[in-house]
Amino acid sequence: ANGDTDGDGDFDVLYSYGGRSFTIWSTSGTMIYDSGDVIGRKTFELNPSAFNNDEGDVDDRSDDKGAEPEAVTTLKMLDKTLLFVGLERTGGVLVFNISNPQSPEFIDWILDETDVAPEGLIAIPASKSPNGNDLIVVTNEVSNTVSIFELK
């Protein structure tokens, strides 16, 4: 949309907006891990019909932001550190075990079709939870819903 800087009809500069991955950084600012295309590959593997889906047009989002990771949070659960990644376009929340930050492991995709476009995530540890269990709270922009998932 913006790459023709001299108006001659060809693209002089290419732009890419947003990210399609998550990155883990050390406290000193060194990159420890970047997920690269893991989000795209995992969403396609688990639900090809939702891959880069935008209102029924499969693959309509590839040139934009893919699944569009929108929000992240972490939660220490038992002996594991979990990473939750909200996917605004594809929907749902991907869960990774990042106890070994150099080699995260995919655990699950929390997906409820009635919740559309996760925008924010809050982790509530069991010690602060009203029911004594670990919770993930998801705010959803398009469906105007709030979801609370109990983790076991």
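Residues numbered from 1 in each chain as written. Predicted model: local features only at pLDDT ≥ 70, side-chain atom pairs only at ≥ 80, totals over all residues. Heavy atoms only, no water.

All chains considered together, the criterion is met by three salt bridges. Two residues, Lys 42 and Glu 45, come together in a salt bridge whose shortest N-O distance is 3.3 Å. With Lys 42 and Glu 45 both in helix α1 (residues 38–46) and three residues apart, this pair spans about one turn of that helix. When its relative accessible area of 18% is taken as the criterion, Lys 42 is described as buried. Judged by relative accessible area, which is 53%, Glu 45 ranks as exposed. (Salt bridge = Lys/Arg side-chain N within 4 Å of Asp/Glu carboxyl O. Helix = DSSP H or I, 4+ residues; strand = E, 2+ residues; numbered from the N terminus. Buried < 20%, exposed > 50% of the residue type's maximum accessible area, 1.4 Å probe, protein only.)

It is worth spelling out the packing of aromatic side chains at this point. According to the stated counting rule, one finds three aromatic pairs in the structure shown. Taken together, a centroid distance of 4.9 Å and an interplanar angle of 55 degrees make the contact between Phe 22 and Phe 96 tilted. Remark: Phe 96 occurs in strand β5 (residues 93–97) and Phe 22 occurs in the segment before β1 (23–25); sequence separation between them is 74 residues. Exposure class is identical for Phe 22 and Phe 96. Each is buried. On the numbers, 5.7 Å between centres and 75 degrees between planes, the contact of Phe 96 with Phe 106 is edge-to-face. Taken together, the residues span a long stretch of sequence, with Phe 96 in strand β5 and Phe 106 in strand β6 (residues 105–110) at a distance of 10 residues. Assessed through its relative accessible area of 3%, Phe 96 is described here as buried. (Phe/Tyr/Trp six-rings, centres within 6.5 Å; stacked < 30°, edge-to-face > 60°.)

Turning next to the sheet that holds strand β8 (residues 134–140). Hydrogen bonding along the main chain pairs the strands of a sheet, whether they run parallel or antiparallel. With antiparallel pairing, three strands are arranged side by side in an open sheet as β7-β8-β9. Among the strands making up the open sheet, the edge pair consists of β7 (118–124) and β9 (145–151). Sheet twist, expressed as the average angle between the axes of neighbouring strands with direction ignored, equals 20 degrees. Strand direction decides the pairing type here: β8 and β9, joined by seven bridges, are antiparallel. Paired with Asn 140 across the two strands is Thr 145, which belongs to β9. (Pairing = 2+ DSSP bridges. Axes fitted to C-alpha atoms, helices over the stretch in contact; angles between N-to-C directions.)

Time to look at a negative patch on the surface. On the surface, Asp 6, Asp 8, Asp 10 and Asp 12 cluster together into a negatively charged patch. The topology assignment puts Asp 6 in the segment before β1. (Patch = residues over 30% accessible without salt bridge, like charges linked within 9 Å, V, L, I, M, F, W, Y side chains within 5 Å. Areas by Shrake-Rupley, 256 points an atom, 1.4 Å probe, with all protein chains shown as cover. Lys, Arg positive; Asp, Glu negative; His and termini not counted. Charge placed at Lys NZ, Arg CZ, Asp CG, Glu CD.)

Moving on, we get to the side chain of Asp 115. Mapped onto the fold, Asp 115 is located in the loop between β6 and β7. Only 2.8 Å separates the side chain of Asp 115 from the side chain of Thr 145, close enough to count as a polar contact. Discounting chain neighbours no more than four positions away, the residues touching Asp 115 are Asn 140, Ser 143, Thr 145, Ser 147 and Phe 149. (Polar contact = N/O pair within 3.5 Å; in protein donor to acceptor, adjacent residues only side chain to side chain. Contact = heavy atoms within 4.5 Å.)

As a further point, take the environment of Val 146. In this fold, Val 146 is placed in strand β9. When the C-alpha atoms of Val 146 and Asp 115 are compared, they prove to be 8.0 Å apart, with 31 residues separating the residues in sequence. In this structure, Val 146 is in contact with Val 137, Val 138 and Thr 139, ignoring residues within four places of it in sequence.

A word on the pairing of strand β2 (residues 31–34). By the bridge criterion, three bridges tie β1 to β2 in an arrangement that is antiparallel. Looking at the pairing, Thr 23 lines up with Asp 34 of β2. Hairpin connection of β1 to β2: five residues between the antiparallel strands, including Gly 29 at a positive phi of 95 degrees.

Below, the discussion takes up the environment of Thr 90. Residue placement: Thr 90 occurs in the loop between β4 (80–87) and β5. As a C-alpha pair, Thr 90 and Asn 47 span 43 residues in sequence and 9.6 Å in three-dimensional space.

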